[in-house]
Structures are given as C-alpha cells and as structure tokens.
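# Residue-level structure breakdown
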Amino acid sequence: MTHHFRDLLALEPLSADDITFVLDQSRPFQEIQRHPLKKLATLRGKTVALAFFETSTRTRISFGTAAARLGADTMNLQAEASSLKKGESLLDTIHTLNAMKPDILVMRHASSGSSDFVARHLDIPVINAGDGMHEHPSQGLLDALTIRERKGTIENLHVTILGDIAHSRVARSNIQLLGKFGCQFTLCGPAMWVPRELEDIGPQGTKIRRVFRVEEALEGADVVLVLRVQTERLHEPALSAGDYVLLYQLSAQRLRGAKPDAIVLHPGPMNRGIEITPEVADGAQSCVLEQVTNGIAVRMALLYLLTVGAPEEGPHPAAEVQPGAPQTTPKRRSTDAKDASHAPR
Amino acid sequence: MRIVEKAQLMSAAEIDRTLQRVAHEIVEKSGGTKHLALIGIVRRGVPLAQRIAQAMRGIDGVTVPVGVLDITLYRDDLSKVAPQAVLRSSDISFPVDDMDIVLVDDVLYTGRTIRAAMNGIFDLGRPKRVRLAVLIDRGHREMPIEAQYVGRSVQTSTTEIIEVRLREIDSEERVVLVDRVE
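This is a predicted model, so every value here is computed, not measured.

Moving on: unusual backbone geometry. Geometrically, the link from Gly268 of chain A to Pro269 of chain A is a cis peptide bond, its omega value of -10 degrees lying close to zero. On the secondary structure map, Pro269 of chain A appears in the loop between strand 9 (263-265) and helix 10 (278-281). A cis geometry characterises the amide bond from Val42 of chain B onward to Arg43 of chain B, with omega recorded as 5 degrees. Of note, Arg43 of chain B is situated in the loop between strand 2 (36-41) and helix 2 (45-58). For Asn156 of chain A, which is not a glycine, the phi torsion comes out positive at approximately 55 degrees. Within the fold, Asn156 of chain A resides in the loop between helix 5 (137-151) and strand 5 (158-162). Since 11 C-beta atoms lie within 10 Å of it, Asn156 of chain A is described here as exposed. Of note in this structure, Asp98 of chain B is not a glycine but carries a positive phi near 65 degrees. Position of Asp98 of chain B relative to the elements: it lies in the loop between helix 3 (78-81) and strand 4 (100-108).

This paragraph deals with the packing of helix 5 of chain A against helix 6 (residues 169-179) of chain A. All names here are of chain A. At a closest axis distance of 8 Å, the pairing of helix 5 and helix 6 adopts a crossing angle of 55 degrees. Classified by the interaxial angle, the pair formed by helix 5 and helix 6 is oblique. Relative to helix 6, the crossing made by helix 5 is right-handed. Here Pro137, Gln139, Gly140, Leu141, Asp143 and Ala144 of helix 5 lie close against helix 6, whose contacting residues are Val170, Ser173, Asn174, Gln176, Leu177 and Leu178. The residue inventory of the contact of helix 5 with helix 6, partitioned by class, reads six nonpolar, five polar and one charged.

Before going further, it helps to spend a moment on the sheet that holds strand 7 (residues 208-211) of chain A. Residues and elements named next belong to chain A. An order of 7-6-5-8-9 is seen for the five strands of this open sheet, with the pairing classed as parallel. Of all the strands in the sheet, just strand 7 and strand 9 have a single pairing partner and so form its edges. Here the strands of the sheet are splayed against their neighbours by 20 degrees on average, with no regard to which way each runs. Direction of pairing for strand 6 (residues 184-188) relative to strand 7: parallel, over a ladder of four bridges. The residue bridging Leu187 from the neighbouring strand is Arg210, located in strand 7.

Quick look at the nonpolar core now. Grouped together as the largest cluster of nonpolar side chains are 144 residues, with contacts concentrated most on Val224 and Leu303 of chain A together with Ile52 of chain B. Broken down by element, this core gets its largest block of residues, 10 residues, from helix 11 (residues 288-307) of chain A. The residues that make up this core include at least three from each of domain 1 (16-135 + 292-307) and domain 2 (138-287) of chain A.

With that out of the way, let us pick up the sheet that holds strand 1 (residues 47-52) of chain A. Strands in a sheet are paired, the pairing made by backbone hydrogen bonds, and the direction either parallel or antiparallel. Residue and element names in this part refer to chain A. Read from one edge to the other, the open sheet built from four strands follows the order 2-1-3-4, with strand pairing classed as parallel. Looking along the sheet, the strands with just one partner apiece sit at the ends: strand 2 (73-78) and strand 4 (126-131). Pairs of neighbouring strands in the sheet enclose a mean axial angle of 10 degrees, with direction left out of account. Bridging between strand 1 and strand 3 (residues 104-109) involves five bridges; their strand directions are parallel. From the neighbouring strand, Val48 faces strand 3, where its bridge partner is Ile104.

Okay, the environment of Val214 of chain A next. All names here are of chain A. Note on placement: Val214 falls in helix 7 (residues 214-218). Expressed as a C-alpha distance, the spacing of Val214 and Leu187, which sit 27 residues apart in the sequence, is 9.3 Å. For Val214, the contacting residues outside a window of four places in its chain are Leu162, Cys188, Leu247, Tyr248 and Arg254.

Residues and elements named next belong to chain B. Chain-level pLDDT for chain B is 93 on average; 97% of the residues reach the 70-or-more range. For chain B, helix 3 is the element with the lowest average pLDDT, namely 70, and strand 5 (residues 129-137) is the one with the highest, namely 98. Our summary of model confidence lists the complex with pTM equal to 0.86 and ipTM equal to 0.80.

Definitions and limits used
- Residues numbered from 1 in each chain as written.
- Chains lettered and ligands numbered in written order.
- Predicted model: local features only at pLDDT ≥ 70, side-chain atom pairs only at ≥ 80, totals over all residues.
- Helix = DSSP H or I, 4+ residues; strand = E, 2+ residues; numbered from the N terminus.
- Buried ≥ 20, exposed ≤ 12 C-beta atoms within 10 Å, placed from the backbone.
- Axes fitted to C-alpha atoms, helices over the stretch in contact; angles between N-to-C directions.
- Parallel < 35°, antiparallel > 145°, perpendicular 65-115°, else oblique.
- Left-handed = near helix turned anticlockwise from the far one by under 90°.
- Contact = placed C-beta atoms within 7 Å.
- Nonpolar A, V, L, I, M, F, W, Y, C, P; charged D, E, K, R; others polar.
- Pairing = 2+ DSSP bridges.
- Core = buried A, V, L, I, M, F, W, Y, C linked by C-beta atoms within 7 Å.
- Domains from an automatic or database assignment.
- pLDDT = per-residue confidence, 0-100.

Structure below.
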C-alpha cells in the first residue's frame, strides 16, 4: 500500500484509498504531538519552501511547525515582503525560489489553479495550501481526520456547511473528500453565497442540497462545518452583520436541532459572535482545537510522504538493478528513488 | 534470481521454549521487576514481547507493561526504503522515565534498527536502563550494539535472509534460513 500522487494540488483527483492511506499515515504523527520531545530527524537535511502569496497565519505556522518537527529546514516567502511587490512574475519568483534547491514547495495564492500551474513548471513536489476559491486540500484532510476520530468513520455522514460557500476552498475540499465516502451535504447561507451551481461540485453521485433556513439545514446533521464569514463581504444593503447573526449564526439552540452527537468544525480564524456563538465554539461538540492539532499531524504526513515516500510510479524498490542496464526514469522524479535497490533490511 | 529455503532454525516448540528461557533470564538478571517494561519493535518484535510478558506472568506472577514501537521515522536509510516504509502506530502508554526497558526484536543484524529504536525511546523520556532481547542474532554488526538476551546465535552470510514467521502475523510458526541464488 502506498500513495499514487506526486503533488497534492487538490483532493478531487485522489481516490478514496489514497485519502484513507494519508489519514492512516497521519496517526503516528498524532502520537508525536503527545511526546515530550516532538522533534524527529526524519527529514534532516531536507528543505521545505513555504511560499505564501496570500496572507496566512495558521496554515503557514502549521506547515512550518510540521516541517520543524520532522527535522526539515524551511525557506519562507511572504507576499508583503516579496519581490512580487516589485513587479516580478509568479513564475520568476518560483524559479528563483527553486534555484535555492528546496525539496518541496508549499504554496498559497489568491488565484485558483495557481499551484497546478506552478507544479507543471517544477520538478519538486508541490502542496497546495489554498488556491483562490478552488481547494485547500490539507484542510480537507485534517477535517476528515478530526471527523474520523470523533465519529469513528467518515462514511455516509450528513454534513451541513454554513456560510459563504461560493467563495470557500475549504468547503470545496471537504465536499470533494467526504463525497468520495458517501457523505451527503446540506449547504446553507445567504442565497448569494449558495448558488445553484454548487449542487454539482461534488464527486459523481454526491447528494448536495441547498437550504436557506438554518434550522432546517441542521436537522439530522452529523457534522456541522461553519465557515468563516469575511466581514468585509457583509455590508448594507445586501446583508448586514446583524442580519447574518439573526439568520445564519450557529447558536447552541440551533445546534440542538442537529443529531445529539453532532460535531462542529470551523477552519478558523473564528469571528466569535458572527458565524458562531462563543458557547458553541467552546462547547463539548466543538472540534476547533483538535483541528489545529490534527493539522500539524496531517501536514507532517504529507511532507513525509511527498519527500521521502516516493509514489508508486517510481522504480519499485524491490526491483533488482542490473549493472549497466538502462534505468527507466519516470518523468519528473528526483534521483532519490533510484537508490532504492540496494537498501538493506 | 530466486529465494531458496536452506534450513529450519527453529520449530514452533523451540521458539516457545526459547521465549520461556529468555523470560526467566530477564526476571533473574533484572534485580527486581518493579520498573521493568518490554517494548516490542514493529512488526515481529511486538508478538515476541507480548509472549515474553505472558511467560513472565507464569513466573511468580510478574506483570510487566508492553509497549509497541515503530522505528520507521527514526531510520537512517529512509530515502532508500521509504516507498515500502508504511508507518505503523507506536503505543507506549507508560512513562519511560526511570524505567528498566527491554527492547524486543526478532533478528539482530546490523544494529541499525536498534539504534533507531533507542532514538525513538529517548524522545519519550530518559529510561534508567535499556537492554535488548532478540530471538536470533545473525552477526554482521555495523553499530556497537549487543543483545543481552539471545534466543540463538546463527552464523550467516550477507546474502542469506532469516525469516521469523510467527502465528500472529504469518500463517505459520518457525524460523527459517533462506538464500538468494542466481
């Protein structure tokens, strides 16, 4: 059993087996979060480039911490301080970064598809840490890990997503992932944020319905995913913050309409008192802090799998290499995997 | 190239007898079992550690905790073996600080696995003492590491492979010496 992807650009192309594999491989890293000494030397000598062209605090710190706990070094590029401000193109910036020889690139960018574009120009693995309104795959994975821990499964659950779904890459990654496991979705929020097109974004056959009354949307929910409301998008006359609270805020009373053992997720950062009440955010059903801890474990697993754990398409480690025989070099694979044949036990 | 079985080194009964002896030796040489704990190295060290612990219960009712340690993340050859190196869960539920730990593995060869295991254990705390028990010692050490408790020492060539097959993991129970031949 191994994984079948070289980059992690989106959850959409991954199989359910690949996702289960990543979640399973995250478990040993969850244990490490509980160790008194959390630092491994597994990726010693490897460098993780963190390129955040869009501001981020928790995702960047999470990937940075994951890299540090694996013993890797990091290079940091942040939008505000970068030469993009001086007019350099994205590709030039990426090539410059790559010339410093990182072993893997983690990137966030405001344009959908940007990490896919960059991955096609690089021979190192790329992890998408959020591209516009497209996907945020590591968030989808950490949410799934959190759900699996609390509910024991990620199969056939009723998932309610509240808020600005149209603009949300977190919602898209969650729907792509959980949809592969037979979950069904109820999307709820102001009509302008829950357009009809969203009914078709899931994997083939995924049931997605739109509901505009939050009480109805929460009925029978196993998982409630509350999205962050970008307060700058809340304005008169379309929808004021007060109206949003009145109509869509997840309160303890509303949450009682979901299943008694329903759990609440929020990707953070939370606007307490806007999309979620403090009572719910801090309540027993909330998994918000588990999500943060699990985020490091998932990202450690991803960095581990994509840097040292070569995907299956490389030369099989058990294959004997005949001296002088031509090597079949798979496209864009680094030289590491070629050494596999003389590995001792 | 094919793999041929050259000899059977231990039968199921011999494995059982050996583990009984190792359990006795550990209890005898430990000078008290109060702080004693066994840690089995994934994969075949785990059932072996459990069986030694079981045998110890038969010796004046000594109960020792058994931990599970996966050493993959501590290997020094990860970039060479990683595609095969599926991580498994470690489970050491007792604090290792000041404990008297016996690591258990099936085969002692280069010593690199034990080196990795010690790194893993020391990330959890500072044990008072760490010893090593193995079913087979096949020589060819590349590290200054020795086992205090050895089921059987076997002279091997580096092309040979020792396969420990245990009923908990494999469909049979015996130790065989196999060789790669052209």
